[in-house]
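Architecture at a glance
Each chain, written out:
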Amino acid sequence: MFRALKWLVAPIALGGAAVIGGSSKASGECTAMGKGLCTVAAAEGCRDGHEGVSAEEVAAWADKGWQEGDAFDSHIHVWGDGEGGFPYDNPPPDALKPVCDAEKFIASALKAGVTGALIVQPINYKFDHSYVTSVIKKYPKFFKGMALANPSIPAPQAESYLKTLKQDGYVALRFNPYLWTGSMADESGKAIYAKAGDLGMSVGVMCFKGLSQHMQDIRTLLDHSPKTQLIIDHWGFFRQPATGGQDPSTQISEEAWQDLLSLSKYPQVHVKLSALFRVSGDAPPYTDLAPRLSDLLEHYGAERLMWGSDYPYALANGGYCPSVETMRGWKLSDSQAVALGGKTAAKLFSAR
């Protein structure tokens, strides 16, 4: 039984109209019937793109701060133009270079009614976190940071390494297993993973080439440090290759899916319902993910699941709005919708 959800949120001016929870109304409430979170505009719907939003409106939206009932995007990347003191280690796709700085994302988030986001350190900068750090410090109410773990850090230096990152505003760490020359559960990996838990930093694992090949390492890390909160990215990448589900060369790995479900026995494991375009074989609203979502709700519960867009890669796969609106259209109870839409992520990433 779904009831209407009413979200009282502070208005912000956008082009002369008041935006209330993303809705262009003069005043009052924005109500979503059984969708869990207020749609960006009751009359207009989600509006893709960053155009038409002034610098003042960006600053005001970024200063608003996430509140329970708001949408929080658990997985985005931002980067600059490769100049101005922030050179690339590995340039991004040419089409995405001009659209992905922090201000453009905030403008897109404003038009979608999203009030906070976790920036995952992009591989474009590898271990140089200076651009993302500058963004976190500029917009501390809006952005939280997930740093990229450096496998070359010796085990004895794990604590000082992580404390420096935490002082810079990072609340989480990403393990990219393909940056390790061997196992990510080696002595350095275990030390970093355990110290992250000691410092209250969650760890995300990006199994881009498939979850199953990394299960042994993941279980080793989980058993080594049960207090560390672990996050599996992008539905466990159960569709391979992770180039986008509408690519006819992709295939579903039921082995990977069962592996993902099996990790639910560990109470410290969470799953990002992110990058919908990578795991769905359908166009938006990605209806083939409905039974997968039901499986995850049954095994994990909504309190261990969180929505994310994988911006800006979502822009090259239909836009930002399809991800936001798909999440808002999931058939969920009120409490499930609030958890998946933002509360789970906000709790993990200290967004309040």
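Here's what I pulled together on the structure shown here. Given the structure is predicted, the values throughout are model-derived calculations rather than measurements.

1. A closer look at the environment of Cys100
Mapped onto the fold, Cys100 is located in the loop between β6 (71-76) and α2 (102-112). The spacing of Cys100 and Tyr313 is 213 residues in sequence and 9.6 Å in space, taken between C-alpha atoms. Once you skip the residues sitting within four places of it in the chain, Cys100 turns out to touch His77, Val78, Trp79, Tyr311 and Pro312.

2. Describing the pattern of salt bridges
Per the counting criterion, the structure on display carries 18 salt bridges. A salt bridge links Glu159 to Lys195, with the shortest nitrogen-to-oxygen separation between them at 3.7 Å. A residue pair is termed long-range when its members are at least 10 positions apart, and Glu159 in helix α4 (residues 158-167) and Lys195 in helix α5 (residues 187-198) qualify at 36 residues. Overall, Glu159 belongs to the partly exposed group, its relative accessible area being 33%. In this structure Lys195 comes out as partly exposed when scored by relative accessible area, which is 29%. A salt bridge links Asp288 to Arg239; its shortest N-O distance comes to 3.9 Å. You can see Asp288 sitting in the loop between α8 (276-279) and α9 (290-300) and its partner Arg239 sitting in strand β12 (residues 239-240), a full 49 residues away along the chain. According to the relative accessible area criterion, Asp288 is partly exposed, its value standing at 25%.

3. Concerning the packing of aromatic side chains
Inspection of the entire model under this criterion finds 16 aromatic pairs. Where Tyr88 meets Tyr125, the ring centres are 5.7 Å apart and the plane angle is 35°; that geometry is what we call tilted. Within this pair, whereas Tyr88 is found in the loop between β6 and α2, its partner Tyr125 is found in the loop between β7 (114-120) and α3 (130-138), the two being separated by 37 residues in sequence. Tyr88 sits in the buried class, given a relative accessible area of 18%. Ring centres of Tyr139 and Phe143 lie 6.3 Å apart, and the angle between their planes is 70°; on these two criteria the pair is classed as edge-to-face. Accessibility classification places Tyr139 together with Phe143 in one group, the buried group. By way of ring pairs, the aromatic residues Phe105, Tyr139, Phe142, Phe143, Tyr311 and Tyr320 are connected into one cluster. The ring of Tyr178 carries the charged tip of Lys209 above its face, separated from the ring centre by 5.1 Å. Positioned above the aromatic ring of Trp257, the side-chain terminus of Arg292 is 5.0 Å from the ring centre.

4. A word on the state of the cysteines
In the structure shown here, the tally under the stated rule is one disulfide. A disulfide bridge connects Cys46 with Cys321, and the sulfur atoms are separated by 2.0 Å. Classification of the bridge connecting Cys46 and Cys321 rests on its S-S torsion, roughly -75°, and on that basis the disulfide is left-handed. A residue pair is termed long-range when its members are at least 10 positions apart, and Cys46 in the loop between β5 (30-33) and α1 (55-62) and Cys321 in helix α10 (residues 320-329) qualify at 275 residues. By the burial criterion, Cys46 is buried, and Cys321 matches it.

5. Let's talk about the nonpolar core
In terms of nonpolar packing, the biggest core is built from 97 residues, with Phe143, Phe175 and Trp235 touching the most fellow members. The greatest single-element share of this core, amounting to seven residues, is contributed by α2. The next biggest cluster of nonpolar side chains, apart from the first, holds 13 residues, and it includes Val120, Ile231, Ala346 and Phe349.

6. So, the sheet that holds strand β14 (residues 269-273)
Strand order in the open sheet formed by eight strands is β6-β7-β8-β9-β10-β11-β14-β15, and the pairing between neighbours is parallel. Here the strands that pair on one side only, and so sit at the sheet edges, are β6 and β15 (305-307). Along the sheet, successive strands turn relative to each other by an average axial angle of 25°, direction set aside. The sheet contact formed by β6 and β7 spans four bridges and is parallel.

7. Some remarks on the environment of Pro87
Among the secondary structure elements, Pro87 is positioned in the loop between β6 and α2. Relative accessible area serves as the criterion here: at 48%, Pro87 is assigned to the partly exposed category. Sequence separation between Pro87 and Tyr125 is 38 residues, and the spatial gap between their C-alpha atoms is 7.4 Å. Leave out the neighbours within four places in its chain, and Pro87 touches Gly82 and Tyr125.

8. Here we look at the environment of Asn176
Following the sequence through the fold, Asn176 ends up in the loop between β9 (170-175) and α5. On the basis of relative accessibility, which here comes to 9%, the residue Asn176 falls in the buried class. In sequence terms Asn176 and Met206 are 30 residues apart; their C-alpha atoms lie 5.4 Å from each other. The contacts of Asn176, once residues within four sequence positions are left out, are Ile123, Leu148 and Met206.

9. Here's the deal with the side chain of Ser309
Within the secondary structure, Ser309 sits in the loop between β15 and α10. Given a relative accessible area of 1%, Ser309 falls into the buried group. Engagement of the side chain of Ser309 in a polar contact is seen with the side chain of Asp73, the distance being 2.6 Å. Among the polar contacts listed, one links the side chain of Ser309 to the backbone nitrogen of Tyr311, at a separation of 3.0 Å. The residues touching Ser309, leaving out its near neighbours within four places in the chain, are Asp73, His75, Ile76, Ser274, Ala275, Phe277, Ala314, Tyr320 and Ser323.

Cut-offs used in this document
- Residues numbered from 1 in each chain as written.
- Predicted model: local features only at pLDDT ≥ 70, side-chain atom pairs only at ≥ 80, totals over all residues.
- Heavy atoms only, no water.
- Helix = DSSP H or I, 4+ residues; strand = E, 2+ residues; numbered from the N terminus.
- Contact = heavy atoms within 4.5 Å.
- Salt bridge = Lys/Arg side-chain N within 4 Å of Asp/Glu carboxyl O.
- Buried < 20%, exposed > 50% of the residue type's maximum accessible area, 1.4 Å probe, protein only.
- Phe/Tyr/Trp six-rings, centres within 6.5 Å; stacked < 30°, edge-to-face > 60°.
- Lys NZ or Arg CZ within 6 Å of the ring centre and 35° of its normal.
- Disulfide = S-S within 2.5 Å.
- Core = buried A, V, L, I, M, F, W, Y, C linked by side-chain atoms within 4.5 Å.
- Pairing = 2+ DSSP bridges.
- Axes fitted to C-alpha atoms, helices over the stretch in contact; angles between N-to-C directions.
- Polar contact = N/O pair within 3.5 Å; in protein donor to acceptor, adjacent residues only side chain to side chain.

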